[in-house]
Amino acid sequence: MSRVAATAVRGTRDVLPPESSSWQWAEGIARRLCAQYHFQEIRTPIFEGLEVFQRGIGETTDIVEKEMYVFQDRSERWLALRPEGTAGVVRAFLEHGLPAGPLPVKFFYLGPMFRYERPQAGRYRQFEQFGVEAFGSESPALDVEIISLGTAFLEALGISGWQVQLNTIGCPVCRPRYRQRLLELLRPRADQLCASCQSRLERNPLRVLDCKEESCRRVTADVPAPEEYLCSECAAHWQAVQEGLRAVGILYQVTPRLVRGLDYYTRTVFELIAPGLGSQDAVLAGGRYDGLVEEMGGPAVPGIGFAAGMDRLLLSLEQGGQGRAAEPELDVFVARAGDVPETAALQVVQELRKQGWRVDQDYLGRSLKAQLKAADRAGAQLTLVLGEAEWAQGQVVVRTMATGEQETVNRAVLTQAVTTRLQRTA
RNA sequence: GUGGGCGUAGCUCAGUUGGUUAGAGUGCCAGGUUGUGGCCCUGGAGGUCGUGGGUUCGACUCCCACCGCUCACCCCA
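For clarity, every value in this text was computed on a predicted model and none was experimentally measured.

### A short note on the confidence of the model for chain A
Of the residues in chain A, 97% reach a pLDDT of 70 or more, and the chain-wide mean stands at 90. No element of chain A has a lower mean pLDDT than helix H7 (residues 195-203), at 73, and none a higher one than strand S1 (residues 40-41), at 98. In the model output, the complex is listed with pTM 0.91 alongside ipTM 0.86.

### With respect to the pattern of salt bridges
This structure, assessed with the given rule, holds 18 salt bridges. A salt bridge links Asp311 to Arg13; the nearest nitrogen and oxygen atoms lie 2.9 Å apart. Placement of Asp311 in helix H12 (residues 310-319) and of Arg13 in the segment before helix H1 (19-37) is noted, with a sequence separation of 298 residues between them. Note on Asp311: relative accessible area 6%, which makes it buried. Close ionic contact of Arg91 with Glu95 constitutes a salt bridge, the shortest N to O distance being 3.2 Å.

### Digging into helix H14 (residues 368-378)
Taken residue by residue, H14 has Gln371, Ala374 and Ala375 as its buried positions. Buried positions in H14, seen along its axis, are confined to an arc of 100° and lie on one side of it. Within H14, the exposed residues directed more than 90 degrees away from the buried face are Lys369, Lys373, Asp376 and Arg377. Contacts made by the buried residues of H14 are with strand S12 (332-337) and strand S14 (382-387).

### Brief notes about the sheet that holds strand S6 (residues 126-135)
In spatial order, the strands read S1-S5-S6-S11-S10-S9-S7-S8; together these eight strands make up an open sheet with mixed pairing. Every interior strand has two partners, whereas the edge strands, S1 and strand S8 (253-254), have only one. The sheet strands contacting helix H5 (residues 140-157) are strand S5 (105-114), S6, strand S7 (163-168), strand S9 (266-273), strand S10 (282-288) and strand S11 (303-309), and the helix crosses S11 at an angle near 10°. Those strands touched by H12 are S6, S10 and S11, and its axis lies near 45° from that of S11.

### Concerning the packing of aromatic side chains
Counted under the stated rule, the structure contains 10 aromatic pairs. For the pair Tyr178 and Tyr229, a centre-to-centre distance of 5.6 Å together with 50° between the ring planes defines the contact as tilted. Taken together, the residues span a long stretch of sequence, with Tyr178 in helix H6 (residues 175-186) and Tyr229 in the loop between helix H9 (214-220) and helix H10 (232-247) at a distance of 51 residues. Overall, Tyr178 belongs to the buried group, its relative accessible area being 3%. By the ring-pair criterion, three or more aromatic residues cluster together here, those being Phe93, Phe135, Tyr264, Tyr265 and Tyr289. For Arg13, the ring lying beneath its charged end belongs to Tyr124, and the centroid distance is 4.5 Å. Above the ring of Tyr116, the side-chain terminus of Arg125 is found at 3.9 Å from the ring centroid.

### Observations concerning empty space enclosed by the protein
The final tally for this structure, using the stated rule, is one cavity of 30 Å³ or more. In this model, the largest cavity occupies a volume close to 30 Å³. Along its surface, the largest cavity is lined by Ile169, Gly170, Cys174, Arg175, Tyr178, Pro226, Tyr229 and Leu230. Grouping the constituent residues of the lining of the largest cavity by class yields six nonpolar, one polar and one charged.

About the cut-offs
Residues numbered from 1 in each chain as written. Chains lettered and ligands numbered in written order. Predicted model: local features only at pLDDT ≥ 70, side-chain atom pairs only at ≥ 80, totals over all residues. Heavy atoms only, no water. pLDDT = per-residue confidence, 0-100. Helix = DSSP H or I, 4+ residues; strand = E, 2+ residues; numbered from the N terminus. Salt bridge = Lys/Arg side-chain N within 4 Å of Asp/Glu carboxyl O. Buried < 20%, exposed > 50% of the residue type's maximum accessible area, 1.4 Å probe, protein only. Arc of directions from axis to C-beta. Contact = heavy atoms within 4.5 Å. Pairing = 2+ DSSP bridges. Axes fitted to C-alpha atoms, helices over the stretch in contact; angles between N-to-C directions. Phe/Tyr/Trp six-rings, centres within 6.5 Å; stacked < 30°, edge-to-face > 60°. Lys NZ or Arg CZ within 6 Å of the ring centre and 35° of its normal. 1 Å grid on protein atoms, 1.4 Å probe; cavity = no way out; pocket = protein on both sides within 12 Å on 5 of 7 lines; lining within 4 Å. Points joined across faces, edges and corners; volume = space filled by probe spheres on them. Nonpolar A, V, L, I, M, F, W, Y, C, P; charged D, E, K, R; others polar.

Structure representation (structure tokens):
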């Protein structure tokens, strides 16, 4: 027999225990926090019609231009694996007529996203995101709550050394003015920009600010910040967001160069960065997208959200040596010694599981020594030895693994004996 | 898409100017205890040396190609 394939597809990976338990733990934190902030789960498909992403994310973004997994199904409809969560959530929001219902609505999602990029540290082709989206309010208080949820998430995970970078990029009223001013300042010096910035100068001059190229940095060094060109509404919003953040004690750093890659953002944009990740250090990022719902064919409903890269967050924890110690996942191991029927173990195991305990047993007919070793390795608190001699008299040996103490108890009171011992250690 | 680094047991890695049966640690299995884990001792299983080709009397070692992994650019979570 030859193997089907030697390895997982490039950019994808397997999560095995005990790592999988770290994922459950982190996802549990996300869910708990969302409950506290009253965000409810939405589950949207992993693939959508291609146009959902083209319209939602923007035709000229890198994601749509070159990073999507696009394919045709058997009826030759064009589909794409979702490269991010927001577009699908907006589609669902509209499809179910939610703009006509009670607003605001606050959703969260958890699941895989797909982008065709060269993998590197903290970047995969299939990666896991935790995201939130809130529709129907322009209130700066919502901006503050979203950012607060983001920082609370990193706190709860135990990430240390993170920071919030914050900026505003205005709205359709004021951004054109800023854009115009940028063009006036940059055009004369276009020859000093890097190749990619020269090409994006006309298309999306704001992104030149974001460039890390030394030469571009010099050119943009003395360019005014977006906040100097805000319209009065955006300026008020921007002030209110900052006041709100200060009011709830969230430290942030205004980063005028922070421009997001997706077309749909307006006003508030932010990024949370964490240490230990090499160059992919943005672990959670988002912003306001007040024009997106309308852009996708719905009414003018404002929105705001963020997405967190779970792979990067867990990687950052590992790098910082803050990974959690694996907790034991087994309470009782049932072993047999001598001529004891398999059905005896089956019954004991089942009885204990009915009480809610986590129970496993030996399936290989191994020596008692080997069985105890297996119990130890699995982290069992107790091992029950069904010994031939004791079993014949209706008794079972209960061994407490931590101390090695053993006691022989009657079969009839076994459940109770196990329960009192486990509760004592719990 | 572009560039750098790396591919030897399940894992982490040695392998000396190319030389004959490719090693260690760890993990796994078993024995030391005819029914008792964690420490210790002993033994065992486990490798197409990434793949293909070339040079050579001889290649894990040198050369070429390909594949894969990885880091970085780009971009992004």
